[in-house]
Amino acid sequence: MTKQPVIDATELRVWYGTPRGSVRAVDGVSFAVAPGEILGLVGESGCGKSTLGRALLGLLPPGAKMDGNLLYKGENLAAMSAKERFARRGTDLAMIFQEPLTRLNPLMRVSEHFTETLRVHHPKLKTADIEARSLEVLRLIGIPPSRWKAYPHEFSGGMRQRLMIALALVLRPAFVVADEPTTALDVLVEAQIIRILHDLRKNFDTSLLLITHNLGIIAETCDRVAVMYAGKIVEVGDARTVFRDPQHPYTRALLQSTITLGTDGLHSIPGAPPDLVDPPPGCHFHPRCPDAMAVCRQAEPLLLARDGGPSRVGSDDVACWAARRDLLTAEQAQPLEREELAVADEA
């Protein structure tokens, strides 16, 4: 990356207060998104993907707290007041939520959704300008002007998802979080949504964080991919490089779990994701890892570049001791006994 990142997060943490203790949903995450770049975020359910996406926009619930540095074009969002962050939301930062039918008001027409969105952020905008601007975005995503007065229930699932994308784009943000935008859609509609996401970059130079479980969408849509496990990013890099030569055992296990035309059996990852109130010591993945060594239980691995240097903006990084055996002593590199893995605590 040569340009200043649109989003640059450093040691970002989010935790929820519970009677049992703090749930560390996002635990020391660092990444950057360049102008016009699409970064995919993938991982198991409960690993903190959606929490991270909401944290970037300041949409966390009252019981959550955030710490760390979060820069938007050089400005630290984490240090801003709620009012200042609200002013950035919509016009600079936007989110496409999953399950659009639960996000769209069934009593409001499409025109009313767009009017409300634009009037909140641009109160002096004339009615004719609101309609013209809204219809322009709707045309770009394939919704004809004849549907301007329709209600959400009159649209198919794919069309409602397009409406959610249009509502995010009508304010022309520089950065968009797309949280599972293709969930529960058939493959044809899924392909249309992917095409729209590509058009975002071409037409608006929009940067995008794409949160999904679908590794196929990541491979087809994203420039870079970040793999998240138990609140941490364990591998990040160029999507083609990560998919062709994954360095982290968890990334390899996810790729092995995908289904293709040649699949003759299902592959799963043994065990279950850890309890984020009391995660395992060292590497959080070590109780489930086939490559676990003695050091994995003793010390948390550092996020280092593949070339052996420190992590830096735009580098391909991995947090795994197995990928950096050259740093270990013979004792640290000893494999963990299988009995120890079998009795490891699971959520």
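This report concerns the structure included in the present document. (Residues numbered from 1 in each chain as written. Predicted model: local features only at pLDDT ≥ 70, side-chain atom pairs only at ≥ 80, totals over all residues. Heavy atoms only, no water.)

**What about the pairing of strand 9 (residues 224–229)?**
Link 1 in the chain: For strand 9, the tally of buried residues reaches 6 of 6 residues, placing the bulk of the element in the interior.
Link 2 in the chain: By the bridge criterion, 4 bridges tie strand 3 (residues 38–42) to strand 9 in an arrangement that is parallel. Across the sheet, residue Leu41 finds its bridge partner in strand 9, namely Ala226.
Link 3 in the chain: Bridge count between strand 9 and strand 10 (residues 232–238): 6 bridges; the pairing is antiparallel. If you follow Arg224 over to strand 10, its bridge partner there is Asp238.
Link 4 in the chain: What sits between the antiparallel neighbours strand 9 and strand 10 is a turn of 2 residues, in which Ala230 has the positive phi angle 50 degrees. (Buried < 20%, exposed > 50% of the residue type's maximum accessible area, 1.4 Å probe, protein only. Helix = DSSP H or I, 4+ residues; strand = E, 2+ residues; numbered from the N terminus. Pairing = 2+ DSSP bridges.)

**As for helix 3 (residues 110–121)**
A turn of α-helix holds 3.6 residues, and therefore any two residues three or four places apart point the same way.
Link 1 in the chain: Taking 1.5 Å per residue as the helical rise, helix 3 with its 12 residues ought to reach 16 Å, and the 18 Å between its terminal C-alpha atoms agrees with that figure.
Link 2 in the chain: Taken as a whole, helix 3 has its buried residues at Val110, Ser111, His113, Phe114, Thr117 and Leu118. Along helix 3, the residues classed as buried sweep out an arc of 165 degrees about the axis, all on the same side.
Link 3 in the chain: Elements in contact with the buried residues of helix 3: helix 4 (127–140) and helix 5 (157–169). (Expected span 1.5 Å × (residues − 1). Arc of directions from axis to C-beta. Contact = heavy atoms within 4.5 Å.)

**A short note on the packing of helix 5 against helix 6 (residues 187–204)**
Link 1 in the chain: Running from amino to carboxyl end, helix 5 crosses helix 6 at an angle of 15 degrees, the nearest separation of the two axes being 10 Å. The orientation of helix 5 with respect to helix 6, classified from their angle, is roughly parallel. The two elements helix 5 and helix 6 cross, and the hand of that crossing is right-handed. Contact with helix 5, carried on its side by Gly158, Gln161, Arg162, Ile165 and Leu169, involves Val189, Gln192, Ile193, Ile196, Leu200 and Phe204 of helix 6 and no other residues of that element.
Link 2 in the chain: A class-by-class count of the residues in the contact of helix 5 with helix 6 yields 7 nonpolar, 3 polar and 1 charged. (Axes fitted to C-alpha atoms, helices over the stretch in contact; angles between N-to-C directions. Parallel < 35°, antiparallel > 145°, perpendicular 65-115°, else oblique. Left-handed = near helix turned anticlockwise from the far one by under 90°. Nonpolar A, V, L, I, M, F, W, Y, C, P; charged D, E, K, R; others polar.)

**Things to note about the sheet that holds strand 2 (residues 21–33)**
Link 1 in the chain: The strand order across the open sheet built from 4 strands is 2-1-4-5, with neighbouring strands paired in antiparallel fashion. Either end of the sheet is taken by a strand with one partner, and the two such strands are strand 2 and strand 5 (75–76).
Link 2 in the chain: Relative to strand 4 (residues 64–72), strand 1 (residues 7–18) runs antiparallel, the two being bridged by 8 bridges. Along strand 4, the bridge assignment pairs Trp15 with Lys65.
Link 3 in the chain: Relative to the sheet, helix 1 (residues 49–57) contacts strand 1, strand 2 and strand 4, its axis offset from that of strand 2 by approximately 70 degrees.

**Thoughts on the sheet that holds strand 8 (residues 207–211)**
Link 1 in the chain: Strand order across the open sheet formed by 8 strands is 6-7-8-3-9-10-12-11, with mixed pairing between neighbours. With partners counted over all chains shown, the strands left at the sheet margins are strand 6 (93–96) and strand 11 (304–305), one partner each.
Link 2 in the chain: Pairing between strand 7 (residues 175–179) and strand 8: 5 bridges, direction parallel. Bridge pairing in strand 8 links Ala178 to Leu210.
Link 3 in the chain: Sheet strands touched by helix 1: strand 3, strand 6, strand 7, strand 8 and strand 9. Its angle to strand 6, the strand with the most contacts, is close to 150 degrees.

**Some words on the packing of aromatic side chains**
Link 1 in the chain: The final tally for this structure, using the stated rule, is 4 aromatic pairs.
Link 2 in the chain: Ring geometry for Tyr229 and Phe285: centres 5.1 Å apart, planes at 80 degrees, overall edge-to-face. Of this pair, Tyr229 sits in strand 9 while Phe285 is found in the loop between helix 9 (249–256) and helix 10 (294–298), placing the two residues 56 residues apart along the sequence. Judged on exposure class, the residue Tyr229 and its partner Phe285 are both buried.
Link 3 in the chain: Judged by centre distance (5.3 Å) and plane angle (65 degrees), the ring pair of Tyr250 and Phe285 falls under edge-to-face. With Tyr250 in helix 9 and Phe285 in the loop between helix 9 and helix 10, this pair connects stretches of sequence that are 35 residues apart. (Phe/Tyr/Trp six-rings, centres within 6.5 Å; stacked < 30°, edge-to-face > 60°.)

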